[in-house]
Amino acid sequence: MSLTPPGPTHCRLSDLSFASNLVVWALRQGVHDPGNALNLKQTFERTFGTDGVNAAMAAFGRLVGSLRRGLKQMPDIRLPEDGEVSRQEAALLTIVASIQLGLGEEAQKLIARMIFKDEREEFTSVATVFSKNLAAVGHVLPPDGTGHGPDVPLSRWSRSRPKPHHRRTKGLAGLTAQESTIVVGLRLWVTALKKNDSAHAALHAHFHEWGVVQATNSLNAVLNHTARCATRVFDIRCPKCPGLSADEARILNAVAAMQRGNRIEAIETLMSWLPPQVAQITIVPVEGLARVFQEAGAELPPRHWRFEAMEHADRVHTSRRDDERPEDNRRPTLH
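The numbers attached to residues start from 1 for each chain and follow its sequence in the written order. In keeping with the predicted nature of the model, local features appear solely for residues at pLDDT of at least 70, side-chain atom pairs appear and are counted solely at 80 or more, and the whole-chain, interface and lining totals rest on all residues. With hydrogens and water stripped out, all remaining heavy atoms of the structure feed into the side-chain values.

**Concerning helix α11 (residues 276–295)**
Spanning 20 residues, α11 covers 29 Å between terminal C-alpha atoms, matching the ideal 28 Å at 1.5 Å per step. Given a residue, its bend is the angle between the two axes fitted to the seven residues that end at it and to the seven that start from it. In DSSP terms, a helix is any run of H or I states spanning at least four residues, a strand is any run of E spanning at least two, and both are numbered starting from the N terminus. Of all bends in α11, the biggest is about 30°, found at Thr282, and the proline Pro285 comes one to four residues later. Each residue is assigned to one of three classes by its accessible area relative to the maximum for its type, calculated with a 1.4 Å probe on protein chains only: buried under 20%, partly exposed between the two thresholds, exposed over 50%. Restricting attention to buried positions, one finds in α11 the residues Val278, Ala279, Thr282, Ile283, Pro285, Val286, Gly288, Leu289, Ala290, Val292 and Phe293. Only heavy atoms matter for contacts: two residues are in contact if any of them lie within 4.5 Å across the pair. Close packing links the buried residues of α11 with α6 (177–194), α7 (199–209), α8 (216–229), α9 (246–259) and α10 (263–270). Remark: Gly297 follows α11 within two positions and exhibits a positive phi of approximately 75°. A helix is expected to span 1.5 Å multiplied by its residue count minus one.

Written out as structure tokens, the structure is:
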């Protein structure tokens with residue numbers, strides 16, 4: 001599954017030390033060309049020697065796998081030929097440097113911000129092993145990843161950010177890559193429908209971009225059933241909206257429940273907006289959607305959504321439009 005949208009740039013590859021360049025190059029190879037292990041092994045053999053190459057390869061493979069599973073945010077690992085270094089790549093360099101310099105507490109702070117709790121122990125373990133493998137052959141990273149930057153334990157990206165004033169500003173920033181991919185798909189489908197464009201085509205193009213094109217028919221079916229049979233207004237936001245609606249979260253919850261094998265919870269979630277008989281039919285494409293993402297190694301994290309609280313926050317913070325009737329407090333399907 002290739003989830004690599006363009007994100008903020010931290011610096012250029014030309015700014016990095018040799019050791020930092022090696023880590024970034026290896027990371028990109030491991031993410032974008034995992035089948036070409038020979039190329040990576042040849043480079044690692046020159047770096048770690050014939051005695052250390054296998055251990056380094058094993059540790060790095062586990063590191064890439066843990067990163068794929070554990071990233072909280074949408075992955076931004078660039079293509080090997082990209083001259084820019086993303087902030088996620090810079091953050092990984094900072095973790096390696098902090099471990100090598102004995103700044104374990106600083107490394108843990110950054111890992112906690114980047115990685116899901118369930119994956120942190122594995123990620124910390126393999127990152128420590130790989131960092132020590134590098135140090136053992138004389139490749140110690142400078143604290144900020146570059147060869148001439150300020151001597152700071154954490155990169156700029158890893159510093160604490162101001163908290164939002166209220167929950168509606170949190171929105172998609174708190175979702176994983178797989179969750180964001182589904183939510184954006186929902187919004188693109190509804191947007192295309194309102195423009196009288198092909199909703200299926202919009203969804204297909206979106207999922208093709210993220211490497212899960214097989215999910216197209218499943219989510220298209222869920223949304224078709226919703227559009228035709230929903231028992232109430234169903235709140236799907238516009239693509240630019242930073243907030244997550246309770247109904248968008250409900251779809252995520254149904255998919256996550258099916259990935260955990262909890263069919264009853266998934267059906268009960270669907271029945272919050274679909275008639276029981278339609279929910280029984282719709283569970284089939286939900287199961288298909290869950291399976292496609294699961295097979296791509298992109299399981300949705302278990303969450304305890306507070307749907308009613310989300311809806312209450314929307315009613316409090318959303319201004320009524322001038323053309324709404326006072327007695328109609330329903331939210332629009334798309335805004």
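Still more to cover.
**Focus on the side chain of Arg250**
Secondary-structure assignment places Arg250 in helix α9. In contact with Arg250, not counting residues within four places along its chain, are Arg232, Thr269, Ser272, Trp273, Phe307 and Glu311.

**Some details on the pattern of salt bridges**
Note on definitions: salt bridges are taken to be side-chain nitrogens of Lys or Arg within 4 Å of carboxyl oxygens of Asp or Glu. Summed over all chains, the structure comprises 14 salt bridges. As a salt-bridge pair, Glu84 and Arg12 come within 2.3 Å of each other at their nearest N and O atoms. Of this pair, Glu84 sits in strand β2 (residues 84–86) while Arg12 is found in strand β1 (residues 9–12), placing the two residues 72 residues apart along the sequence. Across the pair Glu119 and Arg69 runs a salt bridge whose closest N-O atoms are separated by 2.8 Å. Linking Glu119 in helix α5 (residues 117–136) with Arg69 in helix α2 (residues 37–70), this pair joins segments that are 50 residues apart in sequence. Residue Glu119 is classed as buried on the basis of its relative accessible area of 12%. Because the salt bridges share partners, they merge into one network encompassing Asp76, Arg78 and Asp82.

**Considerations on unusual backbone geometry**
Phi angles above zero are rare outside glycine, and Asn196 is one such case at about 60°. Using a relative accessible area of 74% as the deciding quantity, one classes Asn196 as exposed.

**Some points on the packing of aromatic side chains**
Each Phe, Tyr or Trp ring, with Trp reduced to its six-membered ring, pairs with another whose centre is within 6.5 Å; inter-plane angles below 30 degrees give stacked pairs, above 60 give edge-to-face pairs, and intermediate values give tilted ones. Counting across every chain of the model gives seven aromatic pairs. Geometrically, the ring pair formed by Phe207 and Phe293 is edge-to-face, given 6.1 Å between the ring centres and 75° between the ring planes. Highlighted residues: Phe207 in helix α7 and Phe293 in helix α11, separated in sequence by 86 residues. Residue Phe207 is classed as buried on the basis of its relative accessible area, which comes to 0%. Geometrically, the ring pair formed by Phe234 and Trp273 is tilted, given 4.7 Å between the ring centres and 45° between the ring planes. Placement of Phe234 in the loop between α8 and α9 and of Trp273 in the loop between α10 and α11 is noted, with a sequence separation of 39 residues between them. Neither Phe234 nor Trp273 differs from the other in exposure class; each is buried. Connected via pairs of aromatic rings, a cluster forms that spans Phe44, Phe48, Phe60 and Phe130.

**Digging into the nonpolar core**
Burial of nonpolar side chains together is a common tendency in soluble globular proteins. For this analysis, a nonpolar core means a set of buried residues of the types Ala, Val, Leu, Ile, Met, Phe, Trp, Tyr and Cys, connected via side-chain atoms within 4.5 Å. Formed by 46 residues in total, the largest nonpolar core has its most connected members in Leu219, Leu270, Val286 and Phe293. Looking at this core, the element that brings in the most residues is α9, giving nine residues. In this structure, Val286 is in contact with Val222, Ala254, Val255, Met258 and Leu270, ignoring residues within four places of it in sequence. One finds Val23, Met57, Ile95 and Ile115 within the second-largest nonpolar core, a separate group that totals 43 residues.

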